[in-house]
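Observations on the model geometry
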Amino acid sequence: MHALRRECITAVDDLNLQINTGEIFAFLGPNGAGKTTTINMLVGFLKPSAGTIRIFGSEFSRASVEIKRRIGYLPEAAHLPTHYRVGELLEFYCELFFIGRKERKRRIDSVLNGVGLEEQHKKLIQELSMGQKRCLGLACALINDPDLLLLDEPTVYLDPLILEKIRTILVQLKKQNKTIFMSSHILSEVEKVCDSFAIIKDGRLLCRGLTRDLKDQRSLEEEFLQAIKKQ
Amino acid sequence: MSIKYSFTIIQLISRDVFKVASKERLMYGFLVLSLLFVLLANIPFLINNPDLFEGMTPKVASLQIGFMGINVFLMLTSVFIGVSVLQDVYAEHNIALLLSKPLKRWHILEGTCFGLFKIIFLNWLIMVSSLMIIVNFHTVEVNAFIWTGMSVSLVLAMIYISLLVFFYSFAPNAISGILTVFIIIAGFGVSLTKAQLASLPQPLLFFVKLGVEAIPKINLLFGISMNTLGIFDIPIETFPVFLHTFIFLLVIHLISYFRFNRPR
C-alpha cells in the first residue's frame, strides 16, 4: 500500500531558469540532484508545488496539450514499450501527434535514418541493444519535429560511433533553431555541443554560465567539480 | 480540446492497451479452459436424461453449464489480465512517456478502461459464440436470447474492470486484484447480509447499511441473466438493479478519475 502514504521530499527548490530559443542547454548535477524531477515537471508528469513553468511564452499548466505538440522527450532510461516493433511504435506516436498517413511514412524513415536504425524497422523493441533503444528513444522524441527537445541523459549506454551521430543530430537541430534541454553526466560530451549550462545539487541551482566562457579558463568538468565541492 | 480529439486519443491508447493485453499468455490459457468448459454444454444433449439434471431439459442444463463457465472465466480473465496490464500501462516511466505527448492524464485512464473492456469483450464474444453454436446445433433452432441473457456478463465485466482500476489507483499492485475479488464475493452475499444487519447498534447500522447498499448486487445481476436464459424464474426488478449498477460504476469511475488526474 505504498501509494497511500507518500513521504514528502523537496527534490527541486527555488529553481529559476530561462532558456533561449535555438540554444543547447546542459542541465548538470550529481545523482539525485533533481534533474529528472525537473524534466518530469516540464513534461507534465509531476506538478510543481509552487511556481510556474512557461514554455514558448505560455504557462504550461494552462496550455499543456498545445505546448506538448511542440515538445520531444527522451526519458532517462530506455523505457520503451517492448510489445511493439520499431516501426509500429513510431507509427503509434505519429498517430498521437495526428500526423497524416503520407507524412507519417516520410517522418518515420527520416528519423530512423537520422539515428541509424533504418534496418531495424521491423525488429521487436525487446530485441534491440541498450544503445539501439536509446537511439530509438531519440527517434521517438524527434518524430513530431519538435521545437523543444527534452533529453534526459541522452548519451548513456552509447558507443563512440553513436555518440558522434547524436552529436551531429544535435548540432543539425540547433542550426534549425530548435531548443535543446539536456541533462547528462558525460561532461566532455556536453562541453562539445552545449551553448550554456547550469549545475544543480540537492534541488538547488549552484551556478550557470556559457560554455564558450569556460573554454578559455577551465574545462566543464573542473567547473562542475568546483561548484559541487564548494557547496 | 474537442470531443473528437479526445475520442481519437482514447481510442489510440485503448488500442495500445489491447495490444499489451493480447500478449498475455495467461489470457489464452483462460480462454482455452473456458472453451473446454463450454464444450461440456454438449453433455446434457448427449445424455438426454432430465433426472440427472434436476428435471431440467437438456437445453436449460446446457445453458446453465455454459453460463457458469463463461462467467467464472470472464471474472478470472478480467482480474488477472487487468492487474497485469495495469502494471504495464500505469508504470511510472510509461505514464511519463505518454504524458509527454499531446494528451491529458484522463485520456490514459479512459483509454486503459476501454482497452481492457475491448479485450474482455472479445473473450466474451468467442465464449458466447461457442455456447451458441453448441445449443443451436443440438436444438436445430436459432436461440438469439442467449446473446441477450449473456450480455449481463458484459455489465459484470465492466464492474470488474472499474473496481480493478479504482483499487489500482490507491494500491498499484496485486492487492487491487484481491480487493476486487473481495467486493465481487461481497456482492454475492448482499441480500443475505441484510437479514443479519438488524442486530447491529444504530449508528453502526447506518454506515454498514450504506456500504452494503453501495456494493454491486452481483447475485441479482446473475439472476437477471439466468431469467433471460430460462434457467430460473426469479422475480427480480431489472431496472433498479441496472440503475444501481450504473450509478456504482459512475461513482467509482469518478473517484478513479480524480485520483489518477491528480499529478504527483
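About the criteria used
- Residues numbered from 1 in each chain as written.
- Chains lettered and ligands numbered in written order.
- Predicted model: local features only at pLDDT ≥ 70, side-chain atom pairs only at ≥ 80, totals over all residues.
- Heavy atoms only, no water.
- Helix = DSSP H or I, 4+ residues; strand = E, 2+ residues; numbered from the N terminus.
- Rg over C-alpha atoms; globule rule 2.2 N^0.38 Å.
- Buried < 20%, exposed > 50% of the residue type's maximum accessible area, 1.4 Å probe, protein only.
- Contact = heavy atoms within 4.5 Å.
- Areas by Shrake-Rupley, 256 points an atom, 1.4 Å probe, with all protein chains shown as cover.
- Lys, Arg positive; Asp, Glu negative; His and termini not counted.
- Charge placed at Lys NZ, Arg CZ, Asp CG, Glu CD.
- Disulfide = S-S within 2.5 Å.
- Salt bridge = Lys/Arg side-chain N within 4 Å of Asp/Glu carboxyl O.
- Polar contact = N/O pair within 3.5 Å; in protein donor to acceptor, adjacent residues only side chain to side chain.
- Axes fitted to C-alpha atoms, helices over the stretch in contact; angles between N-to-C directions.
- Parallel < 35°, antiparallel > 145°, perpendicular 65-115°, else oblique.
- Left-handed = near helix turned anticlockwise from the far one by under 90°.
- Nonpolar A, V, L, I, M, F, W, Y, C, P; charged D, E, K, R; others polar.
- Expected span 1.5 Å × (residues − 1).
- Domains from an automatic or database assignment.
- Buried area = accessible area lost by both parts, 1.4 Å probe.

**Observations concerning the overall build of chain A**
- On a plain count of helices and strands, chain A comes out with 9 helices and 8 strands.
- Expected size for 231 residues packed as a compact globule is a radius of gyration near 17 Å; at 18 Å, chain A falls within 12% of this value.
- Considering only C-alpha atoms, chain A reaches an extent of 50 × 45 × 35 Å along its principal axes.
- Within chain A, buried positions represent 52% of all 231 residues.
- For chain A, the proportion of contacts with a sequence separation of at least 24, taken over those separated by at least 6, is 68%.
- When the accessible area of chain A is evaluated, it comes to approximately 11800 Å², of which 47% is carbon and sulfur surface.
- Of the side-chain charges in chain A, 34 are positive and 30 negative, and the distance between the mean point of each set is 4 Å.

**Quick notes on the state of the cysteines**
Residues and elements named next belong to chain A.
- Tallied over the entire structure, the rule returns 0 disulfides over all chains.
- Cys135 carries a free sulfur, and the closest cysteine sulfur to it, the one in Cys140, is 11 Å from it.
- Exposure remark for Cys135: the relative accessible area of 2% places this residue in the buried category.
- No disulfide involves Cys140; its sulfur sits 9.3 Å from that of Cys94, the nearest cysteine.
- Overall, the relative accessible area of 3% leaves Cys140 in the buried class.

**A closer look at the side chain of Asp152 of chain A**
Residues and elements named next belong to chain A.
- Secondary-structure assignment places Asp152 in strand 5 (residues 148-152).
- Buried and unpaired, Asp152 has Arg134 as its nearest opposite-charge partner, separated by 6.3 Å.
- At 3.0 Å, the side chain of Asp152 and the side chain of Thr36 are in polar contact.
- Not counting chain neighbours up to four residues away, the residues in contact with Asp152 comprise Thr36, Ile39, Leu74, Pro75, Glu76, Arg134 and Ser183.

**Overview of the packing of helix 3 (residues 86-96) of chain A against helix 5 (residues 130-142) of chain A**
Residues and elements named next belong to chain A.
- Look at helix 3 against helix 5: their axes get within 9 Å of each other, and the N-to-C directions meet at 25°. The pairing of helix 3 with helix 5 is recorded here as roughly parallel in orientation. Once helix 3 is placed against helix 5, the crossing between them reads as right-handed. Taking contact as the criterion, the partners of Val86, Leu89, Leu90 and Tyr93 in helix 3 are, on helix 5, Leu136, Ala139 and Cys140.
- In terms of residue class, the contact of helix 3 with helix 5 is built from 7 nonpolar, no polar and no charged.

**A look at the packing of helix 3 of chain A against helix 4 (residues 101-115) of chain A**
All names here are of chain A.
- Axis separation between helix 3 and helix 4 bottoms out at 10 Å; the angle between their running directions is 125°. On the basis of their axis angle, the class for helix 3 and helix 4 is oblique. Note on packing geometry: the crossing formed by helix 3 with helix 4 is right-handed. Mapping the contact onto sequence places Val86, Gly87, Leu90, Glu91, Cys94 and Glu95 in helix 3 and Arg104, Ile108, Val111 and Leu112 in helix 4.
- The residue makeup of the contact of helix 3 with helix 4, split by class, is 6 nonpolar, 1 polar and 3 charged.

**Focus: helix 1 (residues 3-22) of chain B**
- An ideal rise of 1.5 Å per residue puts 28 Å on 20 residues; helix 1 of chain B measures up with 28 Å between its terminal C-alpha atoms.
- For helix 1 of chain B, every residue scored as buried is listed here: Tyr5, Ser6, Ile9, Ile10, Leu12, Ile13, Ser14, Asp16, Val17, Val20 and Ala21 of chain B.
- In the core, the buried residues of helix 1 of chain B are packed alongside helix 2 (64-68) and helix 3 of chain A together with helix 2 (25-39), helix 4 (58-89) and helix 6 (105-139) of chain B.

**Here we look at the domain arrangement of chain A**
Residue and element names in this part refer to chain A.
- Here chain A is partitioned into domain 1 (1-50 + 150-231) and domain 2 (71-145).
- Domain 1 and domain 2 are separated by 23 Å when their C-alpha centres are compared.
- Taken together, the contacts link 19 residues of domain 1 with 16 residues of domain 2.
- Summed over both partners, the interface of domain 1 with domain 2 buries about 1500 Å², with 67% contributed by carbon and sulfur atoms.
- At the junction of domain 1 and domain 2, the tally comes to 1 salt bridge.
- Linking domain 1 to domain 2 there are 6 residue pairs in polar contact (both at pLDDT 80 or more).

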